[in-house]
Amino acid sequence: MELLLYLAGFILWQCVVYTPPEGLLVTGWLGALRARRGPCLRVASPFPSDLTLAPSALPFELANGRLYASSPLRRFGQLDPPEPSRWVDLQAARSTEASGTLVKVAGRGFVRASSNEQARSISQLISDLADSSSPEARLDAHLEASLSRSRAEDAFEEARTATAWLRALCSGLLVAIFVAVPATALAIDDDRAWLVLGPALGLLDLGALVALHRVHRRLRPEAVAERRELLIVCALYPPSLLRTPQVLVDGNLASFHPVVVAALLLGDGEQLALLRRELARLEHPPWRRLEGEMDTAARRRFLSRLRAALLRLGEELGFPREALIEPENCDPQAVSFCPLCFDDFREGYSRCDGCGLPTTPY
């Protein structure tokens, strides 16, 4: 039983997911989807058949030949490093790498992603921008692709179809470890339970490893070294297999905007709230309040292009433009609202304490 407790603790530790400020955590618990906006640290579902997706909006801006981080680099609520780089020259971005979930530019931490695959995607995009003769056009093409609902649907269906057998085998392995083994141990004794069920557990483990190899080769054919490392880790420690279906599906959607993922999986209310939040974040970025010298015409043009793309997506999803910019007044005593969090305020309140912005009258 001590071994089962150790395995359960390890699996729960694997399920801890960090979502950056630009991200959205969508996790399913026994089929029921829940969404949480970043920044947050949450425990995702340990069941292989459930979804755990942590898409993130573009974590940087491009202007004046520089890349500006959308928010300071943080780890466990603290600045990491103590004086992080808020911007880097695009030419220096030729030296870009992903170290786990951290994206480093010229050897220094620049932004943090919610997954290793997302960090690799951001790192590749930054390298492409640095090598491109027209980085603005390259970034616009990326934004258009990341906001494509049809592409996201195809990527999601491809990943779910490819991982069907892997999910089934990993679910069987989970049931065998945490249901069949304790039941057998109660019927006979702890030591013999593992011996009796050992062959069945071994077959499930081998089948899951074969399925993982085939799925990874189908979804990421070029990532040979990553595939080899993942298979070795899972072979040496089989419980590592249980999270692989969720990680592979999430990785296939790493380059898509959270609003698009919300459009695939969540209801209209969540989609509308997320679209409003993204538009408000672009209209009132933190640096405009804290770092006025960075409020340049080039950055405003970049945000305007991204805002126009989000508004087009909202119209495609069936939301009137007015509904995205101003919330519906449901409180007859409310006279204003916060343009960032959309909280209502009664007469006498001129500023949102949480966001620090002046309220906007209805």
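Data block above holds the structure.
Residues numbered from 1 in each chain as written. Predicted model: local features only at pLDDT ≥ 70, side-chain atom pairs only at ≥ 80, totals over all residues. Heavy atoms only, no water.

1. Considerations on the sheet that holds strand β10 (residues 87-89)
The pairing of strands in a sheet comes from backbone hydrogen bonds and takes either a parallel or an antiparallel form. Using the following cut-off: Paired strands, as defined in this entry, are two strands with at least two bridges between them according to DSSP. Secondary structure elements are defined from DSSP: runs of H or I of at least 4 residues count as helices, runs of E of at least 2 residues count as strands, and each element is numbered from the N terminus. With axes taken as lines fitted to C-alpha atoms, and helix axes fitted only over the stretch in contact, angles between N-to-C directions fall between 0 and 180 degrees.
Strand order in the open sheet formed by 3 strands is β6-β7-β10, and the pairing between neighbours is antiparallel. The two strands at the open ends of the sheet, each matched to only one other strand, are β6 (60-63) and β10. Here the strands of the sheet are splayed against their neighbours by 20° on average, with no regard to which way each runs. Sheet analysis places strand β7 (residues 66-69) next to β10, joined by 3 bridges and oriented antiparallel. Paired with Tyr-68 across the two strands is Trp-87, which belongs to β10.

2. Section: the sheet that holds strand β3 (residues 32-37)
The criterion, for reference: The contact definition used throughout considers only heavy atoms, calling two residues in contact when any of these lie within 4.5 Å.
On the basis of which strands lie adjacent, the open sheet formed by 3 strands has the order β3-β2-β5 and antiparallel pairing. What marks the edges here is a single partner per strand, and that holds for β3 and β5 (52-53). Bridge count between strand β2 (residues 24-29) and β5: 2 bridges; the pairing is antiparallel. Bridge pairing in β5 links Val-26 to Leu-53. Helix α10 (residues 268-283) rests against β2 and β3 of the sheet, and its axis sits at about 15° to β3.

3. A look at a nonpolar patch on the surface
Just so we agree on the cut-off: Residues qualify for a patch when their relative accessible area is over 30% and they have no salt bridge, like charges being joined within 9 Å and the nonpolar side chains of Val, Leu, Ile, Met, Phe, Trp and Tyr within 5 Å. To measure how exposed things are, a 1.4 Å probe is used in the Shrake-Rupley method; for residues, cover is taken only from the protein chains shown. The term salt bridge refers to a side-chain nitrogen of Lys or Arg lying within 4 Å of a carboxyl oxygen of Asp or Glu. Burial classification: accessible surface area is computed with a 1.4 Å probe over protein chains only, and a residue below 20% of its type maximum counts as buried, one above 50% as exposed, and the rest as partly exposed.
Taken together, the side chains of Leu-12, Val-16, Trp-29, Leu-30, Leu-41, Val-43 and Phe-47 present a nonpolar region at the surface, about 620 Å² in accessible area. Examined against the element boundaries, Leu-41 turns out to sit in strand β4 (residues 40-43). The partly exposed category is assigned to Leu-41, whose relative accessible area is 46%.

4. Some remarks on the nonpolar core
This is how the line gets drawn: Residues grouped as a nonpolar core are buried Ala, Val, Leu, Ile, Met, Phe, Trp, Tyr and Cys residues, joined through side-chain atoms within 4.5 Å.
In terms of nonpolar packing, the biggest core is built from 80 residues, with Phe-60, Leu-67, Phe-110, Ile-126, Leu-166 and Leu-241 touching the most fellow members. Residues Val-17, Leu-25, Cys-40 and Ala-54 belong to the second largest nonpolar core, which totals 5 residues.

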